[in-house]
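These are the residues of each chain, in order.
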Amino acid sequence: MQPPAEVVITGLGLISPIGIGREAFWQSLSEGRSGVSRLSQFEMVNEIPPFGGQIRDFDPKLYVRPRKSLKVMCRDIQLAVAAAELAWTDAHLPAQPPNPDRFGVVLGAEMIQCEPEELAPAFEACIQDGRFEFRHWGQRAIPEIFPLWMLKYLPNMPACHVGIIRDARGPTNTIVLGEVSSLVAIGEAFRTIQRGAADLMLAGGASSRIHPVLYVRSPLWEVSRRAHQPEAACRPFDLERDGLVHGEGAAVFVLESAAHAHARAAPVRARILSYAEAFEPRPKRGLPTGQAIEKAILLALKRAGVTPSALSHVNAHGMSTRHDDRIEAQAIYRTLPQVPVTAPKSYFGYLGAGSAAVELAASLLALEYRLIPPTLNYQKPDPECPVQVVAEMPRPLGPPVVVKLSHAWTGQAAALVLASL
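Residues numbered from 1 in each chain as written. Predicted model: local features only at pLDDT ≥ 70, side-chain atom pairs only at ≥ 80, totals over all residues. Heavy atoms only, no water.

With that settled, consider the overall build of the chain. Helix and strand content of the chain: 12 helices and 18 strands. For 421 residues, the compact-globule estimate of 2.2 N^0.38 gives 22 Å, and the chain sits close to it at 21 Å. Across its three principal directions, the C-alpha atoms of the chain cover 70 × 55 × 40 Å. In the chain, which comprises 421 residues, the proportion classed as buried is 59%. As presented, the chain carries roughly 17,300 Å² of accessible surface, and 55% of it is formed by carbon and sulfur atoms. (Helix = DSSP H or I, 4+ residues; strand = E, 2+ residues; numbered from the N terminus. Rg over C-alpha atoms; globule rule 2.2 N^0.38 Å. Buried < 20%, exposed > 50% of the residue type's maximum accessible area, 1.4 Å probe, protein only. Areas by Shrake-Rupley, 256 points an atom, 1.4 Å probe, with all protein chains shown as cover.)

See below:
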């Protein structure tokens, strides 16, 4: 049996609230510039904090070809396609893949919400005497709905569009697992190449939580109410954190076997040493304890063959909620007590299925620039979060190895170990 193939990252595409493209993204990180701001479209909605990490200068027409495809692309899909196109260019890949049958796509995605204005005419058509009548739906409402409406919002469509555009005929999949989705997607792509099922993969995730339906549902989550100072609202591990901040973004990585990258003289950005996931069962209505996070860390380090002393930093999930930060910090403290921690969500908020991929990009660039980006808004240490948070200023990298963490409230956790050459 042949040993698992070595997997490298050769390209990165980013669409985020703190910059489009790797250079703009890194500049914001190194300068400590937040992408969280007030959202004028939500100013008039009661009980909803009108701020978030919104991408202000994104034009999908620059990335989507043919442009008519935009008719069946919601914002999540547009972000994924744009990030994939940037990653393709960054990896110096040709217009067509060398071997389409050995090229695949795995992306993390959300259960995508429909824009209210798309269904409003259908609902209005069913109103009779001031009440909505379900019995009219089939006859009156359906003609008011765009025939290809469903294709705009199916969670598998980001990966499908990317695969069609770039002629990927190999393993293609979509991971819908909440905030851990894109790290699991990258892990699946890593394993696909390791076992020899593909030479080249596009992997990552995308999501937009700057959405009216999600904002109406905000009371269901522990969201920050710091509307008077939105750029300071996302405060991972800080004593005065008061909840998450919604955002949007996408990151896609080009993964290749080292042999494939070498054969085409590709620019290698980093190596993926290992990936692991774990799960902890929860009692009904209970909350995760952090056991899965701890298991994922230990298993990823074991598979990578590295010790805690070999790590430069932990790229934390850092949701900025009371419970999530506490259990994550304590899991890190039990396994990696001396390793510095940074939390990129402090720059742009919670990006749903796109979070882990965009956050991983911060550490990929940290390996290149030899600096650990600081966590924003970390001012008062929380005794219940006993981790060494990198704050205020970037810190020299140290050993060129990092572990990226992500977990979901449903009990899943994942860890990926990344290293420079």
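Right, let's talk about the side chain of Arg235 for a bit. Looking at the element boundaries, Arg235 is found in the loop between helix 7 (212–216) and strand 10 (248–257). Filtering out sequence-adjacent residues up to four positions away, Arg235 remains in contact with Arg226, Glu240, Arg241, Ser320, Asp325, Asn377 and Gln379. (Contact = heavy atoms within 4.5 Å.)

Counting residues in each nonpolar core, the largest one holds 49 residues, and the members touching the most others are Phe25, Ile186, Phe253, Leu255, Ile272, Leu416 and Leu418. Per-element tally for this core: the top contributor is helix 12 (residues 355–369), with 10 residues. (Core = buried A, V, L, I, M, F, W, Y, C linked by side-chain atoms within 4.5 Å.)

Taken as a whole, this structure holds 22 salt bridges when the rule is applied. With a shortest N-O distance of 2.7 Å, Arg75 and Glu248 are connected by a salt bridge. Of this pair, Arg75 sits in helix 2 (residues 75–90) while Glu248 sits in strand 10; the two residues are 173 residues apart in sequence, bridging distant segments of the chain. With a shortest N-O distance of 2.8 Å, Lys345 and Glu359 are connected by a salt bridge. Of the two residues, Lys345 sits in helix 11 (residues 345–348) while Glu359 sits in helix 12, which places them 14 residues apart along the sequence. The class for Lys345 is buried, based on a relative accessible area of 0%. Several salt bridges converge on common partners, so that one network encompasses Arg22, Asp90, Arg269 and Glu368. (Salt bridge = Lys/Arg side-chain N within 4 Å of Asp/Glu carboxyl O.)

Now for the side chain of Glu248. Take Glu248: its relative accessible area is 1%, and that puts it in the buried class. Of note is the side chain of Glu248, whose polar atom sits 2.9 Å from the backbone nitrogen of Ile55. A polar side-chain atom of Glu248 sits 2.6 Å from a polar atom in the side chain of Ser208. In this structure, Glu248 is in contact with Pro17, Gly53, Gln54, Ile55, Arg75, Leu79, Ser207, Ser208, Arg209, Ile210 and Leu351, ignoring residues within four places of it in sequence. (Polar contact = N/O pair within 3.5 Å; in protein donor to acceptor, adjacent residues only side chain to side chain.)

Before going further, it helps to examine the pairing of strand 18 (residues 412–419). Of all 8 residues in strand 18, 7 are buried, a share of seventy percent or more. Where strand 11 (residues 270–279) lies against strand 18, 8 bridges are found, and the strand directions are antiparallel. Counted as the bridge partner of Ser274 is Val417 from strand 18. Taken together, the 7 bridges between strand 17 (residues 401–407) and strand 18 define a ladder with antiparallel strand orientation. Bridging from a neighbouring strand, Lys404 pairs with Leu416 of strand 18. (Pairing = 2+ DSSP bridges.)

Moving on to helix 10 (residues 322–335). Taking 1.5 Å per residue, 14 residues should reach 20 Å; helix 10 reaches 21 Å between its end C-alpha atoms and fits that length. Looking at the buried residues of helix 10, the elements they touch are helix 9 (291–304), strand 12 (313–315), strand 13 (340–342) and strand 17. (Expected span 1.5 Å × (residues − 1).)

Locating Gln412 in the fold gives a position in strand 18. If we skip the residues at most four places from it in the chain, Gln412 touches Leu177, Val180, Ala278, Phe279, Ser406 and His407. Separated by 2.5 Å, the side chains of Gln412 and Thr410 make a polar contact.

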